[in-house]
Amino acid sequence: MRKFHKLISTVLATAMVMSLLAGCGSGGNADSASDAGDGADAAQEGTASAGTDAAESDAEDSSKPVLDAVAENVQTEVVSAVAQPAESMTIAIPSASFDVAPFVGPIPGTGPFTWLLWAKLFFPTSTAATFENGGMQPWVGKELKKIDDATYEVEIFDNVYDSQGNHITADDVVFSYEKSATDGQFADLQSVMESITKIDDYNLEIKLKDTMVGRIEEILSNVQLFIVDQEWYESTSADERQSNPATTGAYKVQEVVQGSSLTLVRNEEPWQTEPTCTPQVANVNTLYYRVITEGSMRAIGLENKELDSSEIAGTDLSKFYDEAAGKPLDGWSIFYTPPVNVQCLFANMDSGVSILADSLELRQAVFAALDSVEIYYGAGLNEITAIKTNALSAPSMGGYEEIADEGYLPADLEAAKAYFEASGYPQGTEITLLSSQSLYTDSVRSVIIAQLEAIGFTVNSLAVDQALFLTYKNDSTQWDLIIDSKGSGTGHVVGLWDGLFNPENYTNGSVCFTHDDHLVELLNAAKADASAENMKAFNDYIRDNAIGKGLYSFSKIVVAQDGVTELPMANPTLPLYGPCTITDDYVSVVGN
């Protein structure tokens, strides 16, 4: 398992020295690497100094919160409201870009409080939540009725009001969907939903174009869905929507200082007095969000009692957590977000363009050379914050357990060398690795390159900024291998695969330029029936043909003072502070 460890440790040490000499940039900063998890709200930093024996013993230590032991579970119960809400809580947000108005695009930093301000039809308690498993909680939507595979009727509550007293009816919901699709970047709504129409004031009909597993749940609960009163929205200016929005969630906006801070206050007259979903619970009267972009400064803010809670970098965990004892240090609570994105490596399958496309043995050599654990060490992660994936999927996605295989594409140096020799290509064969500078560090790239060059490749690293990466990733002439972070809009592994390999989404076949009719047949079978048999058939085909490899997933770490005992998540890596569970004697350490 650790045949590469001595080599990789040397490479990492060199890379870290070079990063320090460089003095700045994202290359040695895993704050950037962690952005691959869910956009730009993550922050995890670190160095890969853990030794072989320590790493293996850590993984076997049951007292340690190894990531696969904190995997997300579907919740069916609404969190409890406290008898006496806390007066305040001060929280760091890691991005200076945020917006509280409805129908804005997916702006980094906005996610943590969007769920507190704007209601959806239903609330998903996890990535894998469905109506069948009880994970979808009623919000504005009261009941869902399935008419056929593509047709649903939604009854909404008849007592929904926004924070300015406007009554929400079916007309407003239809308007909200239309605006969310056109202005709010609910990106795939128009491609997956045929129509949404009013039946009467409190009933709607939704027709789907795509009946894939998880699709109706995505449509009814998407983070980019904002339910508003149409008349209010059309009669107000953009400034008014920002400074005094008529929110449909549990909180209202008190003050916005762009790039600096946001203050939310509990709606004292909520339309739903008996909460039916977790985001409706408001256990804190006032939430003070403060922008702190540097991971180290967030940790200092916690230590100096300038913050009640914050996401932290992995390198700062020891300040709040006793790894030997396997528990938080006195005065602190630690929360981990579920691993929802998978870091993947794909081979260019455009025949005649990349040498990998025309040689199965070369591709097999690549994937046998890659040691996922060493790669996530390169990202500054460890067994507490990362997990090796055993399929082309993230562990928290629906369907993962049915396809995960402990023997999935193992790292094997000798096998990799044998595959390379069998390919007939000479030592020093050149390939190009494409990566985003903002998503992955120089250390991650160095580990991958070292692993591939150990078996005979010469690797040219094409590390570019995110804007150029988004262009180059769709150009088969630019790369032979690509590392990227992938998620599923539906929360299900079939949704992930559909986004990657459905030729209708691409001008050149797929995420890695496949033109394979049998692959598409297997995908369509899994979309039509997400049975374990169909899902395994697709995952096995990707594996056996060495088309792509899931490497690892990782978690964000959130620290709070120990008066916070439970912290619900939405979307599902965004902490919801309004409905957090607190002790009876909780008082903000900041003293607001």
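Residues numbered from 1 in each chain as written. Predicted model: local features only at pLDDT ≥ 70, side-chain atom pairs only at ≥ 80, totals over all residues. Heavy atoms only, no water.

Participant: So what exactly am I meant to see when it comes to the overall build of the protein here?
Facilitator: Check the secondary structure of the protein and you find 19 helices and 25 strands. Looking at the protein as a whole, 57% of its 592 residues qualify as buried. (Helix = DSSP H or I, 4+ residues; strand = E, 2+ residues; numbered from the N terminus. Buried < 20%, exposed > 50% of the residue type's maximum accessible area, 1.4 Å probe, protein only.)

Participant: Even after reading the chapter, I still don't get the side chain of glutamine 242, so can you show me in this structure?
Facilitator: With respect to the helices and strands, glutamine 242 occurs in helix 9 (residues 238–243). Within the local environment of glutamine 242, its side chain forms a polar contact with the backbone nitrogen of valine 100, the two atoms lying 3.2 Å apart. In contact with glutamine 242, other than residues within four places in its own chain, are Asp99, Val100, Ala101, Val253, Val256 and Gln258. (Polar contact = N/O pair within 3.5 Å; in protein donor to acceptor, adjacent residues only side chain to side chain. Contact = heavy atoms within 4.5 Å.)

Participant: Sorry if this is basic, but what is going on with the packing of helix 18 (residues 517–528) against helix 19 (residues 532–544) here?
Facilitator: Geometrically, a packed helix pair is captured by the angle between its two axes and the distance between the axes. Here helix 18 crosses helix 19 at 150 degrees, and the two axes come no closer than 8 Å. Taken as axis vectors, helix 18 and helix 19 run roughly antiparallel relative to one another. Note on packing geometry: the crossing formed by helix 18 with helix 19 is left-handed. Here helix 18 contributes His518, Leu519, Leu522, Leu523, Ala525 and Ala526 to the contact with helix 19, which in turn contributes Asn534, Ala537, Phe538, Tyr541 and Ile542. Looking at the contact of helix 18 with helix 19, its residues break down into nine nonpolar, two polar and no charged. (Axes fitted to C-alpha atoms, helices over the stretch in contact; angles between N-to-C directions. Parallel < 35°, antiparallel > 145°, perpendicular 65-115°, else oblique. Left-handed = near helix turned anticlockwise from the far one by under 90°. Nonpolar A, V, L, I, M, F, W, Y, C, P; charged D, E, K, R; others polar.)

Participant: Any chance you could explain the environment of leucine 452 here in plain terms?
Facilitator: Note on placement: leucine 452 falls in helix 15 (residues 442–453). Counting along the chain gives 86 residues from leucine 452 to valine 366, while the straight-line C-alpha distance between them is 6.5 Å.

Participant: Hey, could you run me through the pattern of salt bridges in this one?
Facilitator: Two side chains bearing opposite charge may form a pair once their charged atoms approach each other closely. On inspection of all chains with the given rule, the structure shows 15 salt bridges. A salt bridge links lysine 319 to aspartate 316, with the shortest nitrogen-to-oxygen separation between them at 3.1 Å. When the shortest N-O distance is used, the salt bridge between arginine 445 and aspartate 442 registers 3.1 Å. Within this pair, arginine 445 and its partner aspartate 442 are both found in helix 15, separated by three residues, close to a single helical turn. For aspartate 442, a relative accessible area of 35% puts it in the partly exposed group. Each of Asp210, Arg215, Glu218, Asp498 and Lys527 takes part in a single network of salt bridges with overlapping partners. (Salt bridge = Lys/Arg side-chain N within 4 Å of Asp/Glu carboxyl O.)

Participant: Can you help me understand the environment of threonine 110 in this one?
Facilitator: Relative to the elements of secondary structure, threonine 110 occurs in the loop between strand 1 (86–93) and helix 4 (111–117). Taking the relative accessible area as the measure of exposure, threonine 110 reaches 5% and is therefore buried. Measuring from C-alpha to C-alpha, the distance between threonine 110 and leucine 574 comes to 9.8 Å, with 464 residues separating the pair along the chain. Not counting residues up to four positions away in its chain, the partners in contact with threonine 110 are Ser97, Phe98 and Asp99.

Participant: Could you clarify how one ought to interpret the sheet that holds strand 15 (residues 342–347) in this entry?
Facilitator: What links the strands of a sheet is backbone hydrogen bonding, and the strands pair in either a parallel or an antiparallel sense. One open sheet accounts for six strands, arranged 16-20-15-19-17-18; its pairing is mixed. Since the sheet does not close on itself, it has two edges, and those belong to strand 16 (386–388) and strand 18 (457–464), each with one partner. Averaged over neighbouring strand pairs, the angle between their axes works out to 25 degrees when direction is ignored. As defined by bridge partners, strand 15 adjoins strand 20 (residues 548–554) across four bridges and the pair is classed as antiparallel. From the neighbouring strand, cysteine 344 faces strand 20, where its bridge partner is glycine 550. (Pairing = 2+ DSSP bridges.)

Participant: Would you mind showing me how to read the pairing of strand 20 here?
Facilitator: Within a regular strand, the side chains alternate between the two sheet faces. Of all seven residues in strand 20, seven are buried; the element is thus mostly enclosed. Both strand 16 and strand 20 contribute to a ladder of three bridges, which runs antiparallel. Bridged to alanine 386 within strand 20 is phenylalanine 554.

Participant: What's the story with the environment of valine 223 in this structure? I'm lost.
Facilitator: Counting through the fold element by element, valine 223 comes out in the loop between helix 7 (215–221) and helix 8 (230–235). You can call valine 223 buried: its relative accessible area is 16%. Put simply, valine 223 and tryptophan 115 are 108 residues apart on the chain and 7.4 Å apart in space, counted from C-alpha to C-alpha. For valine 223, the residues in contact, after removing those within four places along its chain, are Thr114, Trp115, Lys120 and Asn571.

Participant: Whenever I open this one, a negative patch on the surface confuses me. Can you help?
Facilitator: There is a patch of like negative charges on the surface, built from Asp330, Asp562, Asp584 and Asp585. Tracing the sequence through the fold places aspartate 330 in the loop between strand 13 (327–328) and strand 14 (332–336). (Patch = residues over 30% accessible without salt bridge, like charges linked within 9 Å, V, L, I, M, F, W, Y side chains within 5 Å. Areas by Shrake-Rupley, 256 points an atom, 1.4 Å probe, with all protein chains shown as cover. Lys, Arg positive; Asp, Glu negative; His and termini not counted. Charge placed at Lys NZ, Arg CZ, Asp CG, Glu CD.)

Participant: What's the story with unusual backbone geometry in this structure? I'm lost.
Facilitator: Leaving glycine out, the prevailing phi sign among residues is negative, and the prevailing peptide bond configuration is trans. A positive phi angle, close to 65 degrees, is found at phenylalanine 103, a residue other than glycine. Its place among the elements puts phenylalanine 103 in the loop between strand 1 and helix 4. Non-glycine residue leucine 409 carries a positive phi angle of around 35 degrees. Topologically, leucine 409 is positioned in the loop between helix 13 (400–403) and helix 14 (413–423). According to the relative accessible area criterion, leucine 409 is buried, its value standing at 15%.

Participant: Help me understand the sheet that holds strand 4 (residues 141–148) in this model?
Facilitator: Here we have four strands laid out as an open sheet, ordered 4-5-7-6, and antiparallel in their pairing. Of all strands in the sheet, those bounded by a partner on one side alone are strand 4 and strand 6 (193–200). Averaged over all adjacent pairs, the angle separating strand axes in this sheet is 20 degrees, with direction ignored. Its contacts with the sheet place helix 5 (residues 170–182) against strand 5 (151–156), strand 6 and strand 7 (203–208), and it is angled at close to 165 degrees to strand 6.

Participant: How should helix 19 be read in this particular structure?
Facilitator: Side chains three or four residues apart in an α-helix point the same way, a direct result of the helix having 3.6 residues per turn. Under the 1.5 Å per step criterion, the end-to-end length of helix 19 is 17 Å for 13 residues, consistent within 8% with the ideal 18 Å. Of the positions making up helix 19, those classed as buried are Asn534, Met535, Phe538, Asn539, Tyr541 and Ile542. Seen from one end, helix 19 has its buried residues packed into an arc of 155 degrees, which puts them on one side. Buried residues along helix 19 sit against helix 13, helix 17 (493–501), helix 18 and strand 20. Taken from the residues just after helix 19, alanine 546 is the one with a positive phi, measuring 50 degrees. (Expected span 1.5 Å × (residues − 1). Arc of directions from axis to C-beta.)

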